[in-house]
Amino acid sequence: MGKSDLIYVVDDEKDICDLVCTELEYYGFDIRAYQTGAQALQAIKRQPPALCIVDLGLPDMDGLALVKELCDNANVGVLILSGRGSLPDRVLGLELGADDYITKPFEPRELVARVHSLLRRIGKDDSQPRPSNIKLARFADWTFNPATLTLTRDSGDILTLSTAEADLLGTLLRAPQQILSRDRLLGEQAIPYDRSIDSRMSRLRKKLEADPKEPRIIKTVYGAGYMLSTSVEWIDSA
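Counting of residues starts from 1 at the beginning of each chain's written sequence and follows it residue by residue. Two thresholds apply to this predicted model, a pLDDT of at least 70 for residue-level local features and 80 or more for giving and counting side-chain atom pairs, whereas whole-chain, interface and lining totals are computed over all residues. Hydrogen atoms and water are omitted, and side-chain values are computed over all heavy atoms in the structure.

Caption draft 1: Region of the structure containing the sheet that holds strand 10 (residues 179–180). Two strands make a pair as long as DSSP finds a minimum of two bridges between them. Strands are runs of DSSP state E lasting at least two residues, helices are runs of H or I lasting at least four, and both sets are numbered from the N terminus onward. Read across the open sheet, the three strands follow the order 10-12-11; overall the sheet is antiparallel. What marks the edges here is a single partner per strand, and that holds for strand 10 and strand 11 (218–221).

Caption draft 2: View of the environment of Gly57. One can find Gly57 in the loop between strand 3 (51–54) and helix 3 (63–73). When a residue's accessible area, from a 1.4 Å probe over protein chains only, is under 20% of the maximum for its type it is buried; when over 50% it is exposed; and in between it is partly exposed. Gly57 sits in the partly exposed class, given a relative accessible area of 39%. The sequence separation of Gly57 and Asp11 amounts to 46 residues, and the corresponding C-alpha distance is 7.7 Å. Here Gly57 is in contact with Asp12 and Arg84, once residues within four sequence places are set aside. Contacts between residues were defined by any pair of non-hydrogen atoms, one from each residue, lying within 4.5 Å.

Caption draft 3: Structural context of the packing of helix 1 (residues 14–26) against helix 5 (residues 108–121). Here, axes are lines fitted to C-alpha atoms. For helices the fit covers the stretch in contact, and angles between N-to-C directions go from 0 to 180 degrees. Where helix 1 meets helix 5, the axes come as close as 10 Å, and the angle between the chain directions of the two elements is 60°. The angle between helix 1 and helix 5 falls in the class oblique. As helix 1 runs across helix 5, the sense of the crossing is right-handed. Side by side, helix 1 and helix 5 meet where Leu19, Val20, Glu23 and Leu24 of the first sit next to Pro108, Arg109, Leu111, Val112 and Val115 of the second. Angles are sorted into four bins: roughly parallel if under 35 degrees, roughly antiparallel if over 145, roughly perpendicular if 65 to 115, and oblique for all others. Here a crossing is taken to be left-handed if its near helix is turned anticlockwise relative to the far helix by less than a right angle, and right-handed if that turn runs clockwise.

Caption draft 4: Inspection of the pairing of strand 3 at higher detail. Judged by which residues are buried, strand 3 turns out to be covered on both faces: Leu51 and Ile53 on one side and Cys52 and Val54 on the other are all buried. Pairing between strand 1 (residues 6–10) and strand 3: four bridges, direction parallel. Its bridge partner lying in strand 3, Tyr8 is registered against Cys52. Think of it like this: strands point away, you trace from the first strand over the helix to the second, and a clockwise trace means the crossover is right-handed. In this region the chain leaves strand 3, passes through helix 3 and returns to the parallel neighbour strand 4 (residues 77–82); the handedness of that crossover is right-handed.

Caption draft 5: Up close: the confidence of the model for the chain. pLDDT gives the predictor's per-residue confidence on a scale running from 0 to 100. When pLDDT is averaged along the chain, the result is 85; 89% of the residues meet or exceed 70. Below a pLDDT of 50 lies the segment residues 126–132, which in the model reaches nine contacts outside its immediate sequence neighbourhood of four places, other chains included. Scored below 50 in pLDDT, residues 188–194 shows 16 contacts in the model against residues more than four places distant or in partner chains.

Caption draft 6: Representation of the environment of Asn145 in the model. Checked against the element boundaries, Asn145 lands in strand 7 (residues 142–145). Sequence-wise, Asn145 and Thr160 are 15 residues apart; in three dimensions their C-alpha atoms are separated by 9.8 Å. Every residue in contact with Asn145, bar those within four places of it in the chain, is listed here: Ile134, Leu136 and Thr150.

Caption draft 7: Broad picture of the packing of helix 2 (residues 37–46) against helix 3. Viewed as axis vectors pointing N to C, helix 2 and helix 3 meet at an angle of 15°, and their least axial separation amounts to 10 Å. Accordingly, the angle class assigned to the pair helix 2 and helix 3 is roughly parallel. Handedness of the crossing formed by helix 2 with helix 3: right-handed. Residues Gly37, Leu41 and Ile44 of helix 2 form the contact with helix 3, whose own contacting residues are Leu66, Glu69 and Leu70. Lys, Arg, Asp and Glu make up the charged group, whereas Ala, Val, Leu, Ile, Met, Phe, Trp, Tyr, Cys and Pro make up the nonpolar group; the residues left over, Gly among them, are polar. A class-by-class count of the residues in the contact of helix 2 with helix 3 yields four nonpolar, one polar and one charged.

Here you go:
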């Protein structure tokens, strides 16, 4: 694992921070720990990491508020690591855009495996060989770049997606004009509750659609799931 894989751990429990940092550093990650959400947000402005591991019980703010801020405004992966393991907390964390959720107590080796898997999924694992030619997806009047998680409209407007939104859009783009169930769209994050994918879809539609209440690009197929209703052309980035 290359040292360029920068991870921030945001947790005010010193024992947990030490355990997480020691374990991830052993596997070659560059780790920085912060005890408050404000410290983490300032650090992200200076140098965004590949991934933030966030506890929900922070001293200065609700961890879910930090998760929302990261998912809405920062191009970083988010893994929640929390003692709050109830279904409502897990669902809300994923609805807000977190990429994964682990409850305390946890197995350190499982955490490492989840981090590797998450970074591969969002395309930020520098230990893996990267394709030299990234494919861009053209659909409707948009172009999606999975390497930068950006959407560019034909008019020139550029939007940045959260990692969760980009993952969802990527799944739709790989199966255009096909009905995809909620479970398939949730993938590894599937839990027995549908609202997480519905909330994520709503945020994606607000960025894509001229009228999110009357969507034309991503259709709802009631009782079955969602469908990207337009064709997709994959083109070279260079």
